[in-house]
Each structure stands twice: as C-alpha cells, then as structure tokens.
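One letter stands for each residue in the lines below.
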Amino acid sequence: MLRFIVRRLLQMVGVVVVLSMLLFVWLHSLPGGTVSALLGDRATPETRAALEEALGLDRPIWVQYGAFLSRALRGEFGASTGVLPGTDALTILLNRLPATIELSFCAIAIAVLLAIPLGYLAARHRGSPLDTAGILTSLVGVAVPVFFLAFLLKWGFAIKLHWLPDGGRQSVFATHVTNFFVLDGILTREFDASVNALKHLILPAIALSTIPFAVIFRITRAAVLEVLDEDYVRTAEAKGLTSRVIRGRHVLRNAMLPVVTTIGLQIGALLAGAVLTEKVFNFPGIGDALALAFEQRDYAVLQVLIMAAAVVYVLVNLLVDVLYAVIDPRVRTR
Amino acid sequence: MSARRTFAALAAASLLTVGLSACAESARDAGTTGTTGGGGGDTFTFGAAGAPKVLDPYYATDGETFRVARQQFEGLVMFKPGTADPEKGGQSLATDWKASDDGLTWTFTLREGVKFSDGTAFNAEAVCKNFERMFNQTGGQTSALYWSENFGGFKDGKEKSLYAGCTAKDAKTVDIKLTRVTSKFPAILGLPSFYMQSPTAMEKYDANKVTPAGQGFTFSEYATAHPTGTGPFVLENYDQANKTVTLKRNDNYWGTKPKIAKLIFKIIPDEVARRQALQSGSIQGYDFPNPVDWAQLKDGGNTVMVRPAFNIMYFGFNPNSNPKLKDLKVRQAIMSAINREQIVKTQLPEAAKAASQFIPETVAGYNKDLKVPEYNPDKAKQLLAEAGATGMTLDFWYPSEVTRPYMPAPVKIYEAAKADLEKVGIKVNTTTKPWNGGYLDQVDAGKAAMFILGWTGDYNTADNFIGTFFSSLDNRFGLKNYEWGPELVQSLKDADSTPDEAARVKKYEDINKKLVEQYLPAVPVSHSPPAIVVKNTVKGITPSPLTDEKFADVTVG
C-alpha cells in the first residue's frame, strides 16, 4: 500500500510539472496580458515597454519558464498583478483555499447525507413515489445550471425574504486564526462568528451540492439495485440474517464501491461549480479568485490556482483509491 | 469495535479543538465587535467594485485604491467638492499657493495644526520629504505610473522630470520648483497618488521597498498594512480572506470629525451582485450602477446621484491600418455618417451629451463657437465619393469584458455606429477583443483602423484630455502618418507651457477647433455621467465628476 501511495505521489509531481509547462505556454500565448491589466487605458508605448522590461516579459518564453521553475522550487510563485497586486500568489491561494474547502465540504456533506440514504431507499422501494421523486429531483439537479440555481436561491432567500445573507463569508467582526471561519469562531470562542459564517455557507453550499447530489443519488440507487439482485444477498436472507445486518454488511458495503469513486470524482469536479457559485455569492474562495485572475490576466495567480486544483484532484483520487482498499479487502491483497 | 473507533475519533477531534482553542485568542475589543455589513447608526458599508491594489496611493492608478485613499489621505491641493477645480482652504493641506513670475516656482502656505494619524507633524519638512521620496524612486519606478505620467522622470535622470526641487522656507511655507511651466500644476497635486504621507511611517515600514517577484512586484509593509495620512479615517483592517477593508474614525483629525465611527468597503466585483447586496441590505451604497437600473433603484428606496460628466468617448482612427483614413474627407464622411445624438439618446444614460470636441465644456479651453458637422448621410456619401472611397472597407474594433463610465455597453454603441456606417455604403469588418485580452495593447500598437475608446479626466485642464491623447506621434492614433501630426504635438506642448492663463485658454480653444475642423484624428462622440447610488437614509455625499466622494460627512439614518 505504501509503495502504491508513493508511486502515485511521484506521478503527481510529473503531472504538475507538465501541467505547469502547458499552462505557462498557454497563458503567455494569450493576447493582452499582465501589462494591459496593470496599465489599463493609461498605457503608452513607452510605459508598456518599460513595464515589460521591468517584469522580464520581453525575454524569450523558455527563459521566462526557466526562471519561473527555479522560483517555484523555492516556493516563490511570484507576486499577483491583478487579484491582489503585490501579494505572493501562494499567499492568495492559502488565504482563499479555506473558503473553498469549507464551501466544498458543506456542499459534499449535503449531497452525501441526502443522496446515499435517498438512493438506497429509492432502490429498496423501486417504482414507489419516493423513487420517482428522487429521480426527478436528481434530473433537475443535473439539468439546472448551477449559476441559475444560485441566482434563484439568492433572490428568494436573501433579497426577498432576508432570511440568509446575499453573499460574502462573514458579516461580523471576527478573529481569524486558520481562515476556516466556522472553525475560527469555535477556537476563539466567538461562537456568533461561527454561526454567522455558517449562515453565509448555506445558500452557496446548497447551490453547489445539486450536481453531486444528483450524481451520487443515481449511482447509489443503481448500485444498490444491482447488489440487491446478487446471490449472496439472497443467501444471507435464506440464512436468516437480520435485515439490518444484510443492509449494512452486504448491500451498502458492496454498493459503496462505485459510490465512493463517484464522490471522489465529484469532489474533484466541485471547483468548476465553485467558480460560478462563488462569483454569484461573492464568496471569496479560489473559484472567485480564479475568475478574477483570468479577467485580470494575473499569470502568477492563475498558475498557482490551476496547479493547486490539479494537485487537489490527484490527491482526492488517491484518497479514493485508499478508501477503496479499506472498503474492499480484495483490493489490499492484489 | 466500530462504535469504539468512532468514539475515539470524536474524542480526539474534541481534544484537538479544545487544545487549539487554548492557543487562539479572540482579538475582539470594544471597537471591533458588531456587524461588517448593513451598517447601523455609526457604520457605513459601501460596495466597492474591486480590491484596492495597494494601500500606498503613490503606487496606484486604479479608482478602487483611490477611493480608500481619499478617506485616509489629503493632498496639498484638494478639489472643491462636486467639481474638478482645486480649492484653496477646504480640505487642502495648503491654504494658499502662488506661482513665481516665471511660473517655475510655486510657493505653498501650509495649514497649521495638522498631524498625521501616527502623531507626526505635518509641516514644510514633511512636504519636502514626500516629494523627495517620490522623486528618488529606484525599484518602484515602473509602479509609480502617475508620477511618470505627470512629472516625467526620476532622480536618476533617464527621463527629464518636471520636478526640480523642494525647499522648506519655514515650518508652514514650502517652495516647489519645476523645470518647465505647465498648465497642470498645481492641479495634479490633487491626484491621490501625490497625497501627503507620514515620513515617519514611510521610513519605519520601508515604504519605498518595491521588489520584482516573478511577473509582478511585492510592496512594503507600509503599502500593505500601515498607510498613514492626515485624513478623517485610518485603516483598521484589510481582511483579504473576507474581502473587506475597514476604516475607523481618526479621532485626532484636524477638521470636522466623521459622524460615522466605521467605514467599510465590501469588495463585490460583479455589478449585479452589488445591486443585490444593496437590495438585501448588506451594503448601503455602491458605485457605477448600470444606467438601465437607475429607475428601479430609485423606486426601491435608493438615491441615484448622477455625477457631472467629466469624460469623453471617441471613435479613434489609425491610418496606418487603413491608408484611406489619411484623407480628411474620409474621416469627415465617417463623422457625418454616424448619428451621435441618436447613440447618446439610445445607448447612454439620461444626462449624457453628444460631444462637440475632445474636452468637457467645464474645462478651460472648451471652444463654445465650434460648429460640429451634423448627422448627414448624404453629405457622408458625397465626401466618400469625392475621396474615391465609396464602398470602402473599414476594420472597426470594440472591446469586450469591460464597461467604463463613458461606455456602459461597448457592443451596443458599436452596433449603432456600424449600422450608420453601412447605411452610407462602408463595409464594416467587426473586430472585438477582451479589454485586457488584446484590445488595449493592439489598439495602442496601431492595429485598429477605427476603434472605440475614451477617458475620464483626472483634473480640470485641457492638457489632461487632449494632451494625453495627442502629445505623441507614435500612439494609437498614428499621428506620424499625417502631415499635420508634428504641428499638433508641438501646439499642445506650447499651450501647456504658456504661463498666462488667458493666452493659454485661447491656444487650447484654437487647438480644439483645428482638431475637429482640420485634423479629425478621431470622432468625439459623447460625455456620459456616471452615477453613485445609496440608500435614501444615507446623507452627506457630494457626487464628484472625479469620483472623488468623501465619506466623512456621511450620516446613516
């Protein structure tokens, strides 16, 4: 198992290096760029040339990439030029990441806690009104664009009813220790700040959870249906095992294998939804920073955020593989 | 077994939380409790369209940085509220100023009893330290864009500088020497980049330390956490993780102290999200509401304050990309073909006006007698025929991913103009690029034969408009392609350096006339007023043509 993990981690390094190269070339082939974003409509050919020289943008691209790699190995990814000029891109990532982790955690928690029990029940009661309702809900979840749902939720619950905040992460003065605002409130005993941060999470998390909910529900339902037809379930029933044991040990555990893979893939895919959700709710996570960095042609921040997203994706998938081994002992012995 | 494991995990998590909480202290005190949104009697929360780029305004060029700086800092010269004119007295740190006969030495009389928020005295010595700091830049030169744009070079002498020196004659009198006469002095001192900053704080936090890092720069601790001015508010906190900048009242402020205790800028880049935040009550005002929302906002219990228009939108030409444009008749034909009044009526907010020249009418040098060719498609066709350009092809560019106060919706403005051009037989090729994704740099590189662009003034001089546009032969207008290019550039230099005001105004009036009647390097289209919106209960804001609103007098009902 350890060798497997080490091998996957080494593969991840290769993926990140190749990705960084592709990203670098792609970003630098885009028209406009940092200089336009920095100077705006005040630019003159002289100021443009001076800034390009000062930033080293007039050098050949492979020289620029070499300089970038050598800095990156020292943990320096360069200063932001658009999202927060003058701030190290890595600092921006570290400031923004907790927000996206909090949001993604809530979204995936909502999706998993609702989708797995509902998927299981829908399969057990196939064709029932519950099954039909579940299928319809999951269809809507996949079909309705995230940003549209986000707008609807915001309009209804924040603007019209004033039940929940319309955006942001927190609207009380609070002490930030880890930048996980809910946790910070607990750590500093500013419990009102935790509650306030949780309120800010509800609407974006619901919006972001719809696609994972729909996908996990359908996979759970299908997997449970498949397992219910297996011989060993019938054998367990024939042996007179209690339905609780059959459900927990034989049906759910076996049905969980594809579900866990799906959850892993959904966590990886959350970032795409987070870009839109965070933008609608002005939620300062990495999705929001990514959109802004692209708009401002902030190369340093774009590079760090996209590479971080790739690392998270690979790590989540590694975690899924490890979980696989925990759930299915056969994987460990292979 | 499973239950035991779960219990053990929960116990470990609880212990970890309790352990960590022992290390984490609440940083709240009496001044930092309460809400950061929605306000209350002593808090005003404003929706900002972007994050301040840097907290030291000397290194900034963007409106969002300046908006915050305007509450914390003051300049020797400040603009009279609601205008673009320098005001002696008022909030200016100089109560009086006058030029020597040769126009090269300016003597400023400083306000007494003023201190920076860190307790440092504001006096002539502090003024000179500020100017020397700005002039002596080394690593920060390319970040000090407003200095290089307005003062030219630095101490290293690579480029000639407008600044020649500063002398503290006594504690409250200071001389600033210039290398040449210019119409923009002392108005440029009202720009936030040249506001006075505490020499003590700048030295303590190494304000001049600007270091290249990758493809950007990192700024000093001063510029990120300790900006120190003389203004009515001081920085309390810039919470980057929560996208809020919180200022608090400067209780030692020399002038009338703010009525609100806290001023919060909540950063909401999306305009729709800002409007929704106002509707939900989490902010009490924001800038640049979309003109199509003005009526709805007014009906929703808000005050839409329309600023005086201090900008210009124009359709620029560059004959380098289309030699037919070298012919004045072709450019005149295009001007006659475009129904500018209609564009103003249908595409711009209420109080917008069609432009007759390249400066707003409030700027000295505006030529009231200028007769602008009216919309006349037949005349346009005739001019095209005379120039042998009937049925000509024209590459016309407009930007995407941008709105500006002078062009709220570039695509719609473009479509209206394109339809007009096609009516007179011009074949229009559309080119659009993202504002920061190729539009600006390629227009500046002279790639666009015809393009939409504009400008919002920094201060009330003609030079700030037409001097900015047409003082270089090698820019977006391709002036070097015209015979009259050098003459225009020289006449602008000459007007700017004329000390006598009446003579200078006359020269600018003449240039404006020639620009429209003889040169026509672009078609002046419109002056469009941007707005600022606040809840009806918010009072005390004077809308400024320079977006120079101060929030010290704000009351929140």
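The shown structure was predicted, so the numbers you read here are calculated from the model rather than taken from an experiment. (Residues numbered from 1 in each chain as written. Chains lettered and ligands numbered in written order. Predicted model: local features only at pLDDT ≥ 70, side-chain atom pairs only at ≥ 80, totals over all residues.)

Please provide a residue-by-residue account of the overall build of chain A, values included.
A tally of helices and strands in chain A yields 14 helices and zero strands. Starting at the N terminus and walking to the C terminus, you meet the elements of chain A as α-α-α-α-α-α-α-α-α-α-α-α-α-α. Projecting the C-alpha coordinates of chain A onto the three principal axes gives extents of approximately 85 × 55 × 40 Å. Taking the contacts inside chain A whose residues are at least 6 apart along the sequence as the reference set, 70% of them involve residues at least 24 apart. (Helix = DSSP H or I, 4+ residues; strand = E, 2+ residues; numbered from the N terminus. Contact = placed C-beta atoms within 7 Å.)

Run through the overall build of chain B, naming residues and quoting values.
Helix and strand counts for chain B stand at 16 helices and 23 strands. In terms of overall dimensions, chain B has C-alpha extents of about 90 × 70 × 45 Å along its principal axes. Counting all 557 residues of chain B, 53% fall into the buried class. Across chain B, every contact between residues at least 6 apart in sequence was considered, and the portion connecting residues at least 24 apart equals 70%. (Buried ≥ 20, exposed ≤ 12 C-beta atoms within 10 Å, placed from the backbone.)

Quick one: what's the story with the interface of chain B and chain A, residue by residue and with numbers?
Often the size quoted for an interface is simply the accessible area lost on bringing the parts together. With 61 residues of chain B at the contact, the number on the chain A side is 67 residues. Breaking the side of chain B that touches chain A down by element, the ones donating at least two residues are helix 1 (2-23), helix 4 (145-150), strand 8 (211-213), strand 9 (216-218), helix 6 (221-225), helix 7 (271-280), strand 18 (427-434) and helix 13 (435-444) of chain B. Considering each element in turn, the side of chain B that touches chain A owes the most residues, seven residues, to helix 13 of chain B. Among the residues making up the side of chain B that touches chain A, the classes are represented as 19 nonpolar, 30 polar and twelve charged. (Nonpolar A, V, L, I, M, F, W, Y, C, P; charged D, E, K, R; others polar.)

Please give an account of the sheet that holds strand 20 (residues 522-527) of chain B that cites residues and values.
All names here are of chain B. The strand order across the open sheet built from six strands is 16-20-15-19-17-18, with neighbouring strands paired in mixed fashion. The open sheet terminates on both sides in strands that have one partner only, identified here as strand 16 (353-354) and strand 18. Here seven bridges tie strand 15 (residues 311-317) to strand 19 (residues 450-456), and the two strands are oriented antiparallel to one another. Considered in strand 19, the bridge of Ile 312 is made with Trp 455. (Pairing = 2+ DSSP bridges.)

Hey, could you go over the pairing of strand 6 (residues 163-170) of chain B for me, with residue numbers and the actual values?
All names here are of chain B. Sheet topology places strand 6 next to strand 7 (residues 173-178); six bridges connect them, and they run antiparallel. Directly across from Cys 166, in strand 7, lies its bridge partner Ile 176. Connecting strand 6 to the antiparallel partner strand 7 that follows it, the hairpin turn spans two residues.

Run through the sheet that holds strand 4 (residues 94-99) of chain B, naming residues and quoting values.
All names here are of chain B. What the four strands build is an open sheet, ordered 4-5-7-6; its pairing is antiparallel. Each having just a single partner strand, strand 4 and strand 6 make up the two edges of the open sheet. Adjacent strand axes in the sheet meet at a mean angle of 20 degrees when their direction is disregarded. (Axes fitted to C-alpha atoms, helices over the stretch in contact; angles between N-to-C directions.)

Provide a residue-level description of the pairing of strand 10 (residues 233-239) of chain B, including the pertinent values.
All names here are of chain B. Pairing geometry for strand 10 and strand 11 (residues 244-249), over six bridges, is antiparallel. From the neighbouring strand, Asn 237 faces strand 11, where its bridge partner is Thr 246. Between strand 10 and strand 11, which pair antiparallel and follow one another directly, the connecting turn spans four residues, one of which, Lys 243, has a positive phi of 50 degrees.

Which residues make up the environment of B:Glu350, and what values go with them?
Residues and elements named next belong to chain B. Looking at where Glu 350 falls in the secondary structure, it is placed in the loop between helix 10 (340-347) and strand 16. Its 13 C-beta neighbours within 10 Å are what place Glu 350 among the partly exposed residues. Taking the C-alpha atoms as reference points, Glu 350 and Asp 118, separated by 232 residues in sequence, lie 45 Å from one another.

I'd love a proper account of the environment of B:Phe154, names of residues and values included.
All names here are of chain B. Residue placement: Phe 154 occurs in the loop between helix 4 and strand 6. Distance in space between the C-alpha atoms of Phe 154 and Thr 65 is 23 Å, their sequence separation being 89 residues. Leave out the neighbours within four places in its chain, and Phe 154 touches Phe 135, Gln 137, Gln 141 and Ser 161.

Talk me through the nonpolar core; I want residue IDs and the actual numbers.
In this structure, A:Ile216, A:Val301, A:Leu305 and B:Ile466 are the most contacted members of the largest nonpolar core, which totals 234 residues. Ranked by residues supplied to this core, first place goes to helix 9 (residues 191-228) of chain A with 17 residues. (Core = buried A, V, L, I, M, F, W, Y, C linked by C-beta atoms within 7 Å.)

Any details on the packing of helix 11 (residues 243-280) of chain A against helix 13 (residues 299-327) of chain A? Residues and values, ideally.
Residue and element names in this part refer to chain A. For the pair helix 11 and helix 13, the least separation of the axes is 9 Å and the interaxial angle reads 170 degrees. Judged by the inter-axis angle, helix 11 sits roughly antiparallel to helix 13. Note on element contacts: helix 13 touches helix 11 through Ala 309, Tyr 313, Val 316, Asn 317, Leu 319, Val 320, Leu 323, Tyr 324 and Ile 327, opposite Arg 253, Met 256, Leu 257, Val 260, Thr 261, Gly 264, Ile 267, Gly 268 and Leu 271. (Parallel < 35°, antiparallel > 145°, perpendicular 65-115°, else oblique.)

Give me the packing of helix 5 (residues 89-124) of chain A against helix 11 of chain A: which residues, what numbers.
Residue and element names in this part refer to chain A. Put simply, helix 5 and helix 11 touch, their axes get as near as 10 Å, and they point 145 degrees apart. In the crossing of helix 5 with helix 11, the sense of the turn from one axis to the other is right-handed. Taking contact as the criterion, the partners of Thr 100, Leu 103, Ser 104, Ala 107, Ile 108, Val 112, Ile 116 and Tyr 120 in helix 5 are, on helix 11, Leu 252, Val 259, Ile 263, Gln 266, Ile 267, Leu 270 and Ala 274. Of the residues assigned to the contact of helix 5 with helix 11, the class counts are twelve nonpolar, three polar and no charged. (Left-handed = near helix turned anticlockwise from the far one by under 90°.)

Account for the confidence of the model for chain B, with residues named and values stated.
Across chain B, the average pLDDT comes to 91, with 93% of residues at 70 or higher. Here the prediction assigns the complex a pTM of 0.84, and the interface score ipTM is 0.78. (pLDDT = per-residue confidence, 0-100.)

Just give me the short version of unusual backbone geometry, but keep the residues and values in it.
Note the cis peptide between B:Phe185 and B:Pro186, where omega equals 10 degrees. Tracing the chain through its elements places B:Pro186 in the loop between strand 7 and helix 5 (199-204). Its identity as a non-glycine residue notwithstanding, A:His162 has a phi of 60 degrees, on the positive side. Assignment of secondary structure puts A:His162 in the loop between helix 7 (146-160) and helix 8 (181-187).

Describe the environment of B:Asp251, naming the residues involved and giving the relevant values.
All names here are of chain B. Looking at where Asp 251 falls in the secondary structure, it is placed in the loop between strand 11 and strand 12 (262-267). For Asp 251, a count of 11 C-beta atoms within 10 Å translates into the label exposed. Between the alpha carbons of Asp 251 and Asn 460 there is a distance of 33 Å; along the sequence they are 209 residues apart.

Report on helix 11 (residues 377-386) of chain B, specifying residues and quantitative values.
Along an α-helix, residues three or four apart share an orientation, since each turn contains 3.6 residues. Residues and elements named next belong to chain B. Of the positions making up helix 11, those classed as buried are Ala 380, Leu 383 and Leu 384. Projected down its long axis, helix 11 carries its buried residues within an arc of 100 degrees, all on one side. In the core, the buried residues of helix 11 are packed alongside helix 9 (328-337). Residue Gly 388 follows helix 11 closely and has a positive phi angle near 70 degrees. (Arc of directions from axis to C-beta.)

Kindly report on the confidence of the model for chain A, identifying the contributing residues and their values.
Atom-level detail of predicted coordinates should not be read off regions where pLDDT is low. On average, residues of chain A score 85 in pLDDT, and 96% of them reach the 70 mark or higher. No element of chain A has a lower mean pLDDT than helix 14 (residues 329-333) of chain A, at 63, and none a higher one than helix 9 of chain A, at 93.

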